[in-house]
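Listed below are the residues making up each chain.
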Amino acid sequence: MKIESKREKWLPFGWYSALFFVFFGVGILFHVINGRSFIYNVDAPGQDYPTFLYFGKLLRRFLSTGSVRLYDFSIGLGSDVISPLNFNGFGDPLNLLSVFAVGKGAVRLYEFTLILRLWLCGAAMLLFCRRHGKDTVLSVLGAVLYVFSAFALPNGLQFYQILNAAYIFPLLLIQVEKFIPAGSLTENDEKMRGGGKTLAPHCVTGML
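None of these values were measured; they are calculated from a predicted model.

Participant: What is the right way to look at the overall build of the chain in this model?
Facilitator: Of the regular secondary structure elements, the chain holds nine helices and zero strands. Listing the helices and strands of the chain from first to last along the sequence gives α-α-α-α-α-α-α-α-α. By the burial criterion, 38% of the 208 residues in the chain qualify as buried. For the chain, restricting intrachain contacts to residue pairs at least 6 apart in sequence, the fraction spanning at least 24 positions comes to 66%.

Below, the structure written as structure tokens:
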């Protein structure tokens, strides 16, 4: 079995990153030429961004006082803060960056997390494909198609919760496979996965 060097291991991510920023740049340029925003201006500025700011304020309060306010009628749903925060990506690790969302730089940080989520969507899918021994070129192209699919674009730019799921999902599949004992698959499962050492995505999703 061939052991990849560090350069060979990270080279596909370099190719993916280059393609990502090329396509992303073309998308931005297309929208600028047509005088349109790259994101929908309904849910993001009205719901997700205020939640991002509130989550940052909640984190800073917790770090300074050790307390968490469970009720705040200004957050959106008219009751507790847990429900709207959970709906808008409470479990998304990138929202931890909101602790630095202060002053005029808050909106720039928010835009950065959006671009980072898009990049992570493809990077996570690329990692999943590479773990399954897929061809490098096909894995990179698959990652690009995944991040620029209708699932992430335009739906992910209207409802950011979709972007949260889009980059976490391939990573979740990788972790789920680790809990499935070797040799526990049925004969049909073996045929579906093509005799490999790890589960194919449709096998895992079917079991879930």
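There is more to say after this.
Participant: It is not clear to me how the environment of Glu8 should be interpreted in this structure. Could you clarify?
Facilitator: Its location among the elements puts Glu8 in helix H1 (residues 6-33). The exposure class of Glu8 is partly exposed, given its relative accessible area of 32%. Distance from Glu8 to Thr136, taken between C-alpha atoms, is 9.9 Å for residues 128 residues apart in sequence.

Participant: How do you make sense of the side chain of Ser139 when you look at a structure like this?
Facilitator: With respect to the secondary-structure elements, Ser139 resides in helix H5 (residues 136-147). Taking relative accessible area as the criterion, Ser139 reaches 1% and is therefore assigned buried. Polar side-chain contacts of Ser139 include one of 2.7 Å to the backbone oxygen of Asp135. Excluding residues within four positions of it along the chain, Ser139 makes contact with Leu126, Cys129, Arg130 and Lys134.

Participant: Looking at this structure, I do not really get the side chain of Arg117. What am I missing?
Facilitator: Among the structural elements, Arg117 can be located in helix H4 (residues 105-131). A relative accessible area of 3% places Arg117 in the buried class. Of note is the side chain of Arg117, whose polar atom sits 2.9 Å from the side chain of Asn95.

Participant: Honestly, a nonpolar patch on the surface in this entry has me stumped. Any pointers?
Facilitator: The grouping of Trp15, Val137, Leu138 and Leu141 at the surface amounts to a nonpolar patch, some 400 Å² of accessible area in total. The leading source of residues in the nonpolar patch is H5, at three residues. Along the chain, Val137 turns up in helix H5.

Participant: Just checking my understanding: could you explain the packing of aromatic side chains for this structure?
Facilitator: Aromatic ring pairs: the centre-centre distance and the angle between the two ring planes describe each pair. For the structure shown, the criterion picks out eight aromatic pairs. Taken together, a centroid distance of 5.5 Å and an interplanar angle of 50° make the contact between Trp10 and Phe13 tilted. One end of the pair is Trp10 and the other is Phe13, both in helix H1 and three residues apart, which spans about a single turn. Given a relative accessible area of 15%, Phe13 falls into the buried group. An aromatic cluster of at least three residues, connected via ring pairs, comprises Tyr16, Phe20, Phe21, Phe23, Phe24, Trp119 and Phe148.

Participant: Help me understand H1 in this model?
Facilitator: Spacing of three or four residues puts side chains on the same side of an α-helix, whose turn is 3.6 residues. Compared with an ideal rise of 1.5 Å per residue, which puts 28 residues at 40 Å, H1 spans 41 Å between its outermost C-alpha atoms and is within 8% of the ideal. Regarding H1, the residues found buried are Pro12, Phe13, Tyr16, Ser17, Phe20, Phe24, Gly27 and His31. Packed against the buried residues of H1 are H4 and H5. Count one or two residues on from H1 and you reach Gly35, which has phi positive near 65°.

Participant: Is there a simple way to think about H4 in this case?
Facilitator: End to end, H4 covers 38 Å across 27 residues, agreeing with the expected 39 Å (1.5 Å per residue, within 8%). Positive backbone phi, approximately 75°, marks Gly133, located one or two places after H4.

Participant: Looking at this model, I keep getting lost on the packing of H1 against H5. Mind explaining?
Facilitator: In helix packing, the relevant descriptors are the interaxial angle and the interaxial distance, both defined with respect to the helix axes. Direction vectors running N to C along H1 and H5 enclose 35°, while the axes themselves pass 10 Å from each other. Along this stretch, H1 crosses H5, giving a crossing that reads as right-handed. Residue-level contacts link Pro12, Trp15, Tyr16, Leu19, Phe20 and Phe23 of H1 to Thr136, Val140, Ala143, Val144 and Val147 of H5. Within the contact of H1 with H5, the residues separate by chemical class into 10 nonpolar, one polar and no charged.

Participant: Mind showing me how you'd approach the nonpolar core here?
Facilitator: Buried together is how nonpolar side chains tend to be arranged in soluble globular proteins. Counting residues in each nonpolar core, the largest one holds 30 residues, and the members touching the most others are Tyr16, Phe20, Leu118, Cys121, Leu126, Val147 and Leu163. When contributions to this core are tallied by element, the ones reaching two or more residues are H1, helix H2 (43-65), H4, H5 and helix H7 (160-178). Tallying contributions element by element places H4 first for this core, with 11 residues. With five residues, the next largest nonpolar core counts Phe55, Leu58, Leu59 and Val99 among its residues.

Conventions and cut-offs
Residues numbered from 1 in each chain as written. Predicted model: local features only at pLDDT ≥ 70, side-chain atom pairs only at ≥ 80, totals over all residues. Heavy atoms only, no water. Helix = DSSP H or I, 4+ residues; strand = E, 2+ residues; numbered from the N terminus. Buried < 20%, exposed > 50% of the residue type's maximum accessible area, 1.4 Å probe, protein only. Contact = heavy atoms within 4.5 Å. Polar contact = N/O pair within 3.5 Å; in protein donor to acceptor, adjacent residues only side chain to side chain. Patch = residues over 30% accessible without salt bridge, like charges linked within 9 Å, V, L, I, M, F, W, Y side chains within 5 Å. Areas by Shrake-Rupley, 256 points an atom, 1.4 Å probe, with all protein chains shown as cover. Salt bridge = Lys/Arg side-chain N within 4 Å of Asp/Glu carboxyl O. Phe/Tyr/Trp six-rings, centres within 6.5 Å; stacked < 30°, edge-to-face > 60°. Expected span 1.5 Å × (residues − 1). Axes fitted to C-alpha atoms, helices over the stretch in contact; angles between N-to-C directions. Left-handed = near helix turned anticlockwise from the far one by under 90°. Nonpolar A, V, L, I, M, F, W, Y, C, P; charged D, E, K, R; others polar. Core = buried A, V, L, I, M, F, W, Y, C linked by side-chain atoms within 4.5 Å.

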